[in-house]
Amino acid sequence: MRVVMMGPPGAGKGTQARLLQDALGVPQISTGDMLREAQHNGSTLGQAARRYMGAGELVPDEVVIGLVEERLAAADCAKGFILDGFPRTVPQARTLHDLLAARQSPLNAVVAVEVPESELIRRLSGRLVCRLCGAMFHRELNPPMAAGRCDRCGDELYQREDDQADRIAVRLALYAREMAPLEAFYRATGLLRPVPGTGTRDDVFGRIRASLA
Ligand code: AP5
Ligand code: MG
């Protein structure tokens, strides 16, 4: 199955894409995670991406498209994938469409997770991420068992640089601007599946599964 997970910062794309990855047996591909890994490794691409990501702005289309094209060519994507945070602009969506059309393997669905802005701010400002395995926690909503340590692998939890209040505001404003044309693009294809993203993680997952049935 080939699925795109769309939604504002903090909507739960990563949380839900990881659950879907386990349920469907196809990889989660998060452009945000790939770009953060490139920064961590100190690659030229990572250094170029840092100033955009640190400010909460979008990385240029050609950089992100190149990363995704390379990733989708890997063997583990042959049976499908869950794209998390890509596409984010209409040019990215057009390129993805052309790429998949050339392979005769079009998207099956585009899940748009919807969450009110006040809840997004609450989720982002308390989020903690594991440096090693990427598992997500929240200071109040989903605290780790031992402070500052991942329940799954024991590594250190950190706060993302772009989860500071001023950066959150930039990201939400950018999302509001970029998403209307992208949603219109996918609505026209008949692939768009809007899903309310409030309630527990499992509530949301149940709705997403139902939207894909
Ligand atoms: P990216 O990493 O994709 O960030 P984002 O879109 O801002 O989304 P987030 O990862 O912040 O949120 P999420 O929806 O995954 O929520 P999560 O599951 O973590 O991108 C980062 C940056 O990279 C961009 O700003 C840009 O610079 C660049 N970039 C990436 N892709 C790009 C592209 N295609 N083009 C250009 N630039 C690109 O959940 C959030 C919190 O809520 C967690 O603490 C979680 O535990 C909690 N939570 C989740 N679900 C629930 C629930 N049901 N109830 C309560 N709490 C919940
Ligand atoms: Mg994410």
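A brief report on the enclosed structure follows. (Residues numbered from 1 in each chain as written. Chains lettered and ligands numbered in written order. Predicted model: local features only at pLDDT ≥ 70, side-chain atom pairs only at ≥ 80, totals over all residues. Heavy atoms only, no water.)

### Some thoughts on the overall build of the chain
Then, in step 1: Looking only at helices and strands, one finds eight helices and eight strands in the chain.
Then, in step 2: By principal-axis analysis of the C-alpha atoms, the chain measures approximately 50 × 40 × 35 Å.
Then, in step 3: Relative to its full complement of 213 residues, the chain shows a buried share of 49%.
Then, in step 4: Taking contacts inside the chain between residues at least 6 apart in sequence as the whole, the part at least 24 apart equals 68%.
Then, in step 5: Of the accessible surface of the chain, which amounts to about 10600 Å², a share of 51% is contributed by carbon and sulfur atoms.
Then, in step 6: Of the charged side chains in the chain, 27 are positive and 26 negative; the average position of the first set lies 2 Å away from that of the second. (Helix = DSSP H or I, 4+ residues; strand = E, 2+ residues; numbered from the N terminus. Buried < 20%, exposed > 50% of the residue type's maximum accessible area, 1.4 Å probe, protein only. Contact = heavy atoms within 4.5 Å. Areas by Shrake-Rupley, 256 points an atom, 1.4 Å probe, with all protein chains shown as cover. Lys, Arg positive; Asp, Glu negative; His and termini not counted. Charge placed at Lys NZ, Arg CZ, Asp CG, Glu CD.)

### Here we look at helix H7 (residues 165-189)
Then, in step 1: Taking 1.5 Å as the rise per residue, H7 with 25 residues should run 36 Å; its terminal C-alpha atoms sit 36 Å apart, in good agreement.
Then, in step 2: Its maximal kink placed at Met179, H7 deviates by approximately 35 degrees, while the proline Pro181 follows within four residues.
Then, in step 3: Regarding H7, the residues found buried are Arg167, Ile168, Arg171, Leu172, Leu174, Tyr175, Met179, Leu182, Glu183, Phe185 and Tyr186.
Then, in step 4: At the C-terminal side of H7, Gly190 shows a positive phi close to 80 degrees. (Expected span 1.5 Å × (residues − 1). Bend = angle between axes of the 7 residues up to and from the residue.)

### Here's the deal with the site of ligand 1
Then, in step 1: Taken together, 34 residues are adjacent to ligand 1, and Thr15, Glu57, Arg88, Arg127 and Arg171 come closest.
Then, in step 2: Contacts to ligand 1 include Lys13, whose backbone N or O atom sits 2.9 Å from an oxygen atom.
Then, in step 3: At a separation of 3.4 Å, a nitrogen atom of ligand 1 approaches a polar backbone atom of Arg201.
Then, in step 4: For ligand 1, whose unbound accessible area comes to 1100 Å², protein coverage reaches 95%.
Then, in step 5: Within the residue set of the shell around ligand 1, elements represented by two or more residues are helix H1 (13-24), helix H2 (31-41), helix H6 (117-125) and strand S6 (136-138).
Then, in step 6: It is H2 that contributes the most residues to the shell around ligand 1, four residues altogether.
Then, in step 7: Here the residues of the shell around ligand 1 sort into 13 nonpolar, 11 polar and 10 charged. (Near = heavy atom within 4 Å. Polar contact = N/O pair within 3.5 Å; in protein donor to acceptor, adjacent residues only side chain to side chain. Nonpolar A, V, L, I, M, F, W, Y, C, P; charged D, E, K, R; others polar.)

### A word on the packing of aromatic side chains
Then, in step 1: Taken as a whole, this structure holds one aromatic pair when the rule is applied.
Then, in step 2: With a centroid separation of 5.1 Å and an interplanar angle of 85 degrees, the aromatic rings of Phe185 and Tyr186 are classed as edge-to-face. (Phe/Tyr/Trp six-rings, centres within 6.5 Å; stacked < 30°, edge-to-face > 60°.)

### Remarks on the packing of helix H4 (residues 61-72) against helix H5 (residues 90-102)
For any two helices packed against each other, the geometry is given by the interaxial angle and the distance between the axes.
Then, in step 1: Packing of H4 against H5 leaves a shortest axis separation of 10 Å and a crossing angle of 25 degrees. As summarised for this structure, H4 and H5 are arranged roughly parallel, according to the angle between their axes. Note that H4 runs across H5; the crossing there is right-handed. In this structure, H4 contributes Asp61, Val64, Ile65, Glu69 and Leu72 to the contact, and H5 contributes Pro91, Gln92, Thr95, Leu96 and Leu99.
Then, in step 2: Of the residues assigned to the contact of H4 with H5, the class counts are six nonpolar, two polar and two charged. (Axes fitted to C-alpha atoms, helices over the stretch in contact; angles between N-to-C directions. Parallel < 35°, antiparallel > 145°, perpendicular 65-115°, else oblique. Left-handed = near helix turned anticlockwise from the far one by under 90°.)

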